[in-house]
Structure formats: structure tokens, C-alpha cells
Amino acid sequence: MDGINDKVAVVTGASTGIGHAAALRFAEEGASVVAADVNVEDGEATAEEIEEMGGEATFVETDVSDWDDVQAMVDTAVDTYGGLDFAFNNAGIEGENEALGDQPLENWEQVIDVNLKGVFQSMKAEIPVMLDGGGGSIVNVSSIAGEVGFPQISPYVASKHGTIGLTKTAALEYSGEGIRVNVIAPGVIETPMVEASAEENETTQQAIAATPLGRLGKPEEIGDAAVWLCSDDATFVTGETFVIDGGYTS
Ligand code: NAI
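Residues numbered from 1 in each chain as written. Predicted model: local features only at pLDDT ≥ 70, side-chain atom pairs only at ≥ 80, totals over all residues.

K.L.:
Can you walk me through the nonpolar core in this structure?
P.N.:
Generally speaking, nonpolar side chains in soluble globular proteins are found buried as a group. Counting 67 residues, the largest nonpolar core has Val10, Val11, Ala23, Phe26, Val33 and Ala35 as the members making the most contacts within it. No other element matches the eight residues that helix 4 (residues 105-132) contributes to this core. (Core = buried A, V, L, I, M, F, W, Y, C linked by C-beta atoms within 7 Å. Buried ≥ 20, exposed ≤ 12 C-beta atoms within 10 Å, placed from the backbone. Helix = DSSP H or I, 4+ residues; strand = E, 2+ residues; numbered from the N terminus.)

Encoded structure:
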């Protein structure tokens, strides 16, 4: 894909799953990658994997709900690679499965802090650096739970709906300054998040059964879309939500 080579990409939640796949795809297309995550062991492994395939990557231990961490993540891109062109704001947690009346208050706070405040803070830190460099492309990660409701995971659903609203607003605010902002809403993707909950989570099982393509999505299928959205093939695309769900919400 044109327009990715020699650029700099930050990927949050890069240790496993979708973020890991996206980090590899950005590197395969020639971008230098800042891989950010709370999971140090797997995050360092992501960076090593990229280096072993001849790419450039730096891991930064980052909790996206912590403003100082997020600023340090963006500073790493500038200090190590000279700027920031792309961001894939993907870090997220599902939280506990309970009907709203039984949801622990601390679960609401934790899920909103990581999934929604994390995306807000990431964009807040990334945008000024992209403006300094003359523009950029941001791809946030929502979910089909950002489009429709899902029982038992109200904080997650709220965070993912909010991510779409943040994306549209940032797209409007910075469209005149060379920054495109889009959001991907994946369906059920085969990652540790789903594997961890699939056994006991009826909602996940129902979602898999309701996917017309009859399978889980692959992390690489989301990574491909993220890289495409940053490429020269997508220069007229902003403020858009890309539902990639095997037909689930059709
Ligand atoms: P995952 O659990 O494999 O990856 C999430 C990554 O985020 C992990 O590496 C984790 O360590 C990291 N993370 C968690 N909290 C963090 C924090 N505070 N700061 C920095 N990193 C943190 O799960 P998956 O599936 O790859 O999820 C990636 C994104 O995709 C999430 O935002 C998730 O909500 C979203 N998504 C996933 C779907 C699926 O079916 N797997 C469906 C729809 C959306």
C-alpha cells in the first residue's frame, strides 16, 4: 500500500490480538512502529518480532488511561523516529459481565477509563504532534457494540458508542488541517479477549452464531483495514465508521 513506507505509527494495545496484528502490518508496509501496552512481556515480543522481520519498532509500557504515560508514548515516537504520522488507538478491555443494575461501579470506571478516556487522551496527545508534521491519520477501535446494544456489558457498550462520537468530532475539528480520523467497529474477532470470555459468555457465543460468514474474524483482517485507512488509497475518507463483522449487523 502506498503512503505507509518510512512513516511513523503508534499502536496502542499492541501486545496481543488486533493491536499485535496491526503493528506487524504497519511494519510490513515500511512504517516505524511505537508499540504501546500495559502488557510488557508480549509488547516487547511484538517489537522483537518486527525487528526480526527487518522492521523498526520500539515498545513503550503505556497505560492509556494515564495521561503521563500517553504523553510519554507520543514523545517516544518523536524522540525515536522524528514525528508521528499514524495512530491506531486500539487498547481496550471488556470488563465484567453483569446486567446494568448489578454492574460494580468500579467496573464502569475502569472500562470507561481504558476504552473511552484512553482513546480521548491518545488523540489529545497525538494530534498536536501530527499538526507539527503537517497532518496524519488516526484510526480508533470501537466495536459492533458501538453500533448496537449488548446485554451484560453496558460499560463496554457505552465506551464503544462514545468512541464513535469522539472519532466523528475529531474528524470535523481537524479535517482542514490534514488529519483524517476514522473508526473501525469489529465484529467477533479471534483474539485473547474473545478466547478469555467465550466459554462463560453467552453474549459472545450468540454473536458468533449470528455472524453470517460463519466464523470469527481474524486480527489481521482488522489490521489490514487500519493500514488501508492510513494509506494513500484512503485520502478522501474521514469521520467514517467501518463495520467489519462478517455481516453480523447487516
Ligand atoms: P486483546 O485483549 O488481545 O488486546 C487488547 C490489548 O490492550 C492487550 O494487549 C492489553 O494488554 C491492552 N490493554 C488493556 N488495557 C490497557 C491499558 N490500560 N493501556 C494500554 N493497553 C491496554 O483484545 P483484542 O480483541 O485484540 O482487542 C483490541 C480492541 O478491539 C479492543 O479495543 C476491543 O474492545 C476491540 N474489539 C475486539 C473485538 C473482538 O472480538 N476481539 C470485537 C470488537 C472490538
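Having put the structure on the table, let's press on.
K.L.:
Hey, could you run me through the pairing of strand 5 (residues 136-141) in this one?
P.N.:
If a strand is regular, its side chains alternate between the two faces of the sheet. Burial of strand 5 is extensive: six of the six residues sit out of reach of the surface. Pairing geometry for strand 4 (residues 86-89) and strand 5, over four bridges, is parallel. The partner of Phe88 across the bridge, within strand 5, is Val139. Tracing the backbone out of strand 4, into helix 4 and back to the parallel element strand 5 gives a crossover that is right-handed. Two strands pair when backbone bridges link them, and strand 5 and strand 6 (residues 179-186) are joined in this way by six bridges, in the parallel orientation. (Pairing = 2+ DSSP bridges. Right-handed = clockwise from strand over helix to strand, strands pointing away.)

K.L.:
Hey, could you run me through the sheet that holds strand 5 in this one?
P.N.:
Two strands in a sheet stick together by hydrogen bonds in their backbones, pointing the same way (parallel) or opposite ways (antiparallel). Spatially, the seven strands line up as an open sheet ordered 3-2-1-4-5-6-7, and their pairing is parallel. One side of each edge strand has no neighbouring strand; the edge strands of this open sheet are strand 3 (57-61) and strand 7 (241-244). The mean angle between the axes of side-by-side strands here comes to 15°, regardless of whether they run parallel or antiparallel. Bridge count for strand 2 (residues 32-37) against strand 3 is five bridges, and the pairing is parallel. Each bridged residue has a counterpart across the sheet, and for Val33 the counterpart in strand 3 is Ala57. Helix-sheet contacts for helix 1 (residues 17-28) involve strand 1 (8-12), strand 2, strand 3, strand 4, strand 5 and strand 6, and the interaxial angle to strand 1 is about 170°. (Axes fitted to C-alpha atoms, helices over the stretch in contact; angles between N-to-C directions. Contact = placed C-beta atoms within 7 Å.)

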